[in-house]
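A closer look at the structure
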Amino acid sequence: GWRTCSETVTDRVVFGAGVVFFLLEWYKQLFSYYVLGSGTYDFTVFPFQFCSLPIYVCLPAPLLGRRAKHTLYAFLALFGTVGGYLVMAYPNLPASTTMCVHTMLWHSGMIALGVYLLVAERCGGSFRQDYLPAAGVFLASFAAATGWNLLLEPLSGGTVNLFYMSPYRKTYFLVVREVQRLWGWGASAAAYILLFLLVGALPLWFLGVILCRVRKKGRKN
């Protein structure tokens, strides 16, 4: 990322990653429908989980203006990386071998892309321009997932659980599940958001600050 961080190269990397994510997602959907579901759609794989967001970000982002592009790249760096390493650290692997491979490829790709963008986009140069807009994208995506959960609940037969935070389901996330048990879904949603913001993305932004300073010092030397 330090050596090849021109805007053109970064755009190509992100778009290429988007193509890979898109193809992997189509494989997952087709395999789930035709092989695992025998022609019945399984709403548990509806493509709007948190880790599905690179599909919707990577392909259009390189075509946007600089400010919007940087916001989405910062989101992938600060929040996408968190989604990748959480699954790798605490995997909930499917029974299918090919789906296990899919999961590992997908989330490893999220981490690799996120770390690249953390460096290439210098996502530690400005809290106002890096972290806050990326946090806004995260909050908007959570709101969209909640809307889809409410909309699809009757259509899915009670199986949809986007972001694994449906108001109709019990969450399995550490800490968040205890908050839900004690105070209900609203409190657990707030805990989920705060953990992502403060424990997940914010430390990565501080890492970006350190990397920016090291890079700047290296150039001076």
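Residues numbered from 1 in each chain as written. Predicted model: local features only at pLDDT ≥ 70, side-chain atom pairs only at ≥ 80, totals over all residues. Heavy atoms only, no water.

The predicted model of the protein chain has a mean per-residue pLDDT of 93, with 98% of residues at 70 or higher. The lowest-confidence element of the protein chain is helix α7 (residues 185-220), averaging 91 in pLDDT; the highest-confidence one is helix α2 (residues 53-58), averaging 97. (pLDDT = per-residue confidence, 0-100. Helix = DSSP H or I, 4+ residues; strand = E, 2+ residues; numbered from the N terminus.)

What follows is about helix α5 (residues 127-156). For α5, spanning 30 residues, the distance from its first C-alpha to its last is 40 Å, which sits close to the expected 44 Å at 1.5 Å a residue. By the largest-angle criterion, leucine 150 marks the main kink of α5, which is about 30°, and a proline, proline 154, follows within four residues. With its phi angle positive at about 70°, glycine 157 sits one or two positions after the end of α5. (Expected span 1.5 Å × (residues − 1). Bend = angle between axes of the 7 residues up to and from the residue.)

One can find glutamine 49 in the loop between α1 (7-36) and α2. On the basis of relative accessible area, glutamine 49 is assigned to the buried category, the value being 10%. Polar side-chain contacts of glutamine 49 include one of 3.2 Å to the backbone oxygen of asparagine 161. Beyond its immediate sequence surroundings of up to four residues, glutamine 49 is in contact with Thr44, Asn161, Leu162, Phe163 and Tyr164. (Buried < 20%, exposed > 50% of the residue type's maximum accessible area, 1.4 Å probe, protein only. Polar contact = N/O pair within 3.5 Å; in protein donor to acceptor, adjacent residues only side chain to side chain. Contact = heavy atoms within 4.5 Å.)

This next bit is on the packing of helix α3 (residues 66-89) against helix α4 (residues 97-120). Between α3 and α4, the shortest axis-to-axis distance is 7 Å and the interhelical angle comes to 145°. By crossing handedness, the relation of α3 to α4 is classed as left-handed. In this structure, α3 uses Tyr73, Leu76, Ala77, Leu78, Gly80, Thr81, Gly83, Gly84, Tyr85, Val87 and Met88 to contact α4, whose residues at the interface are Thr103, Met104, His107, Ser108, Met110, Ile111, Leu113, Gly114, Val115, Leu117 and Leu118. (Axes fitted to C-alpha atoms, helices over the stretch in contact; angles between N-to-C directions. Left-handed = near helix turned anticlockwise from the far one by under 90°.)

Within the fold, alanine 144 resides in helix α5. Distance in space between the C-alpha atoms of alanine 144 and leucine 162 is 9.5 Å, their sequence separation being 18 residues.

Here the focus is the state of the cysteines. Tallying each qualifying case throughout the model produces zero disulfides. Here cysteine 51 is not disulfide-linked; the sulfur of cysteine 58 is the nearest cysteine sulfur, at 12 Å. Unpaired in this structure, cysteine 212 has its nearest cysteine sulfur neighbour in cysteine 123, at a distance of 7.9 Å. (Disulfide = S-S within 2.5 Å.)

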